[in-house]
Amino acid sequence: MSDKKTAISVQNISKTFEGRKVLDNVTLDIYKGEIFVIMGGSGSGKSTLLRIMTGGIQPVFGKVFFDEKDLNALRANEAEKVKRRFGMSFQSAALLDFLTVEENVSLPLREHTNLDSKIISIIAKMKLGLVGLQGFENFYPSMLSGGMKKRVGVARAIAMDPEVVFYDEPTAGLDPVVCHVIDKLILDLTKRLKLTSVVVTHNMESIFRIADRVGMLYKGNLLEVGTPDEIKHSKNKIIQQFIHGHLEGPIQLT
Amino acid sequence: MKIFENTGMAVKGWFCAFMGLTRLCFEAAYWILIGPFRKKPINMPSVFSQMVFMGVQSIIIVFFVVLFTGVVLAMQSAPQLEQMGAVFYVASLVTISICRELGPVLTALVVAGRIGAAITAEIGSMKVNEQIEALDTMAISPVRYLVVPKMLALFFMLPCLTVIGDAAGILGGYLIGVFNLKINAGLYLQTAFKFLTIKDIYTGLSKAFVFAIIIALVGAYQGLKTEGGAVGVGRATTISVVTSFVLIIIADCILTGIYFFSDM
């Protein structure tokens, strides 16, 4: 792994919300070009970790480095330039209801570039083509199914040709076939566009389908990082209970 | 002891809200005055569509509210003036009251209930659906993209609606004066405008600009603060309307004091 370049370096991140410790001293490196999956149960802190990596939330302690720059030490215009190199796909797709599909996908292009509107339209159609939604440009989000909204969200996330794309529960609430479609999309985009992908999920089938490496979060602690095979054969009882979905074990629902 | 705790928490809440509103006000001012010179232009198509929604589509309700207020004011004042043999002064009483106070304030209250609630509901729904966060991660300022167009639209439209409201209120008084009190139409109109000064008009309209900023800022602030799903949106909308109402009345009181109780 020593010849791999680091895309994002998370160092000693801790975060507290209203007295509750959500993340406790989390350290991990994400390499360029890989699909890194952060897995964990509900309330394990994985969405919070994702938002700290994108700069959306400030940690109480610790640093996040992107391209050797400390994200929280940047000035507003530098932070904005870094954000343009990220793309994020939200659990609920988070499309703007009052814009059409094409307007949603082209929003970052219209706001951040001086490209002609015809060229922006062509780029937006291309991105929609990559996610298999060509022809839906003039639809509004309310007319789309959950899976289609997610795919438009992904098209918007890659509109500015980012270097890193973050996915927050990309397959939540979707049927098994559509889950597979989304997983294949993440794999295709990462390899074809040479991105780095950070995926937060607890869908075990997705994890073993797409992950290059997996990190398991449990109650804010990073238990282990490894390849899917290494995680599958982990000696950690918490990880084993989580992977197999057993009722008995150290993970107890409170 | 609880009364001290509750009072302390309430004051702390108001202070935080005041600081939040001030911060939002400065941020909006930045995007309006400085942003365009830093290659961050205002979303003008959105300003125009908001002007239609806020201004054009509010005309009817503003017209009728202030019209009937003019009618009621004339009806209430006529008996007293009749006793003094000065019933035709209903015309100037209604006109001056509407132009100075009732036109701007009632128009603002109607608009706060309609538009202020709509602003909070729209932005609040976007907040609970992660759309505000999506704008943030795309490095698009939600204040520049969403709040500023609404604020500018209301800033231009509320004074226009106030003018329409003033005309409606004067018309209401005219209808009672001419058709009920049997005042000669020409005499009514002459008396209506005889005592109306330019100060009455500009004080009323300048209040409209201030009220517009209050409605837009409070609506946007509550929207951006919304938490807790649909219930949260409902709660934020209610707080937004009530807060707007209170601040409009307070601002009206302060401005009236400045204009008519000092040397301005």
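Model, not experiment: these values are computed from the prediction.

Conventions used here
Residues numbered from 1 in each chain as written. Chains lettered and ligands numbered in written order. Predicted model: local features only at pLDDT ≥ 70, side-chain atom pairs only at ≥ 80, totals over all residues. Helix = DSSP H or I, 4+ residues; strand = E, 2+ residues; numbered from the N terminus. Rg over C-alpha atoms; globule rule 2.2 N^0.38 Å. Buried ≥ 20, exposed ≤ 12 C-beta atoms within 10 Å, placed from the backbone. Contact = placed C-beta atoms within 7 Å. Pairing = 2+ DSSP bridges. Axes fitted to C-alpha atoms, helices over the stretch in contact; angles between N-to-C directions. Core = buried A, V, L, I, M, F, W, Y, C linked by C-beta atoms within 7 Å. Parallel < 35°, antiparallel > 145°, perpendicular 65-115°, else oblique. Nonpolar A, V, L, I, M, F, W, Y, C, P; charged D, E, K, R; others polar. pLDDT = per-residue confidence, 0-100. Left-handed = near helix turned anticlockwise from the far one by under 90°.

Asks: What is the right way to read the overall build of chain A from this model?
Replies: Assigned secondary structure in chain A consists of 9 helices and 10 strands. Here chain A has a C-alpha radius of gyration of 18 Å; the compact-globule value for 254 residues is 18 Å, and the two agree. When burial is assessed residue by residue, chain A has 41% of its 254 residues classed as buried.

Asks: Please clarify how the overall build of chain B should be interpreted in this entry.
Replies: Helix and strand counts for chain B come out as 9 helices and 0 strands. Listed N to C, the secondary structure of chain B is α-α-α-α-α-α-α-α-α in terms of helices and strands. Within chain B, the proportion of its 264 residues that are buried is 42%. Considering only contacts within chain B whose residues lie at least 6 apart along the sequence, 88% involve residues at least 24 apart.

Asks: Where do I start with the sheet that holds strand β2 (residues 20-31) of chain A in this structure?
Replies: Within a sheet, adjacent strands bond to each other through the backbone by hydrogen bonds, running parallel or antiparallel. All names here are of chain A. If you trace the 4 strands from one edge of the open sheet to the other, you get β2-β1-β4-β5, paired in antiparallel fashion. With partners counted over all chains shown, the strands left at the sheet margins are β2 and β5 (69-70), one partner each. Judged from the 5 bridges that link them, strand β1 (residues 6-17) and strand β4 (residues 61-66) form a sheet pairing that is antiparallel. Residue Q11 lies in a different strand from β4, and its bridge partner there is K63. With respect to the sheet, helix α1 (residues 46-54) is in contact with β1, β2 and β4, its orientation differing from that of β1 by roughly 125°.

Asks: So what exactly am I meant to see when it comes to the nonpolar core here?
Replies: General note: in soluble globular proteins, nonpolar side chains tend to be found buried as a group. V37 of chain A together with A108, L154 and I215 of chain B are the most contacted members of the largest nonpolar core, which totals 133 residues. Broken down by element, the residue count for this core peaks at 17 residues, all from helix α4 (residues 90-128) of chain B. The residues touching L154 of chain B, leaving out its near neighbours within four places in the chain, are M54, I115, A212, I215 and A216 of chain B.

Asks: It is not clear to me how the packing of helix α1 (residues 2-33) of chain B against helix α6 (residues 142-179) of chain B should be interpreted in this structure. Could you clarify?
Replies: All names here are of chain B. Where α1 contacts α6, the two axes come as close as 10 Å, and the packing angle between them is 90°. On the basis of their axis angle, the class for α1 and α6 is roughly perpendicular. Facing L24, E27, A28, W31 and I32 of α1, the residues of α6 in contact are V143, R144, V147, V148, M151 and L152. For the contact of α1 with α6, a count of residues per class yields 9 nonpolar, no polar and 2 charged.

Asks: Please clarify how the environment of V210 of chain B should be interpreted in this entry.
Replies: Residue and element names in this part refer to chain B. Within the secondary structure layout, V210 lies in helix α8 (residues 198-225). When the 19 C-beta atoms within 10 Å are taken as the criterion, V210 is described as partly exposed. Contact partners of V210, with chain neighbours within four places excluded, come to A251 and L255.

Asks: Hey, could you run me through the confidence of the model for chain B in this one?
Replies: Segments scoring low in pLDDT should not have their predicted coordinates read at a detailed level. With 99% of its residues at a pLDDT of 70 or more, chain B shows a mean pLDDT of 94. Reported for the predicted complex are a pTM of 0.90 and an ipTM of 0.90.

Asks: Help me understand the sheet that holds strand β6 (residues 86-89) of chain A in this model?
Replies: Residues and elements named next belong to chain A. If you trace the 6 strands from one edge of the open sheet to the other, you get β6-β7-β8-β3-β9-β10, paired in mixed fashion. Lying at the two open borders of the sheet, with one neighbouring strand each, are β6 and β10 (221-226). The sheet shows a mean angle of 15° between the axes of neighbouring strands, taken without regard to direction.

Asks: When you look at the packing of α6 of chain B against α8 of chain B in this model, what are you seeing that I'm missing?
Replies: Describing two packed helices takes the angle between their axes plus the distance from one axis to the other. Residues and elements named next belong to chain B. Direction vectors running N to C along α6 and α8 enclose 145°, while the axes themselves pass 8 Å from each other. In this structure, α6 crosses over α8, and the sense of that crossing is right-handed. In contact with P142, V147, K150, M151, L154, F155, L158, P159, T162 and D166 of α6, α8 contributes G204, L205, A208, F209, F211, A212, I213, I215, A216, A220 and L224. Its residues placed into classes, the contact of α6 with α8 shows 17 nonpolar, 2 polar and 2 charged.

Asks: Is there a simple way to explain helix α3 (residues 101-112) of chain A in this structure?
Replies: Along an α-helix, a turn takes 3.6 residues, which lines up residues three or four apart on a common side. All buried positions along α3 of chain A are accounted for by V101, E102, N104, V105, S106, L107, P108 and L109 of chain A. In the core, the buried residues of α3 of chain A are packed alongside α4 (117-130) and α5 (146-157) of chain A.

Asks: What exactly am I supposed to notice about the environment of L109 of chain B here?
Replies: All names here are of chain B. Mapped onto the elements, L109 comes out in helix α4. C-alpha of L109 to C-alpha of I201: the two residues are 92 residues apart in sequence and 19 Å apart in space. Excluding its chain neighbours within four sequence positions, the residues that come into contact with L109 are F245 and I248.

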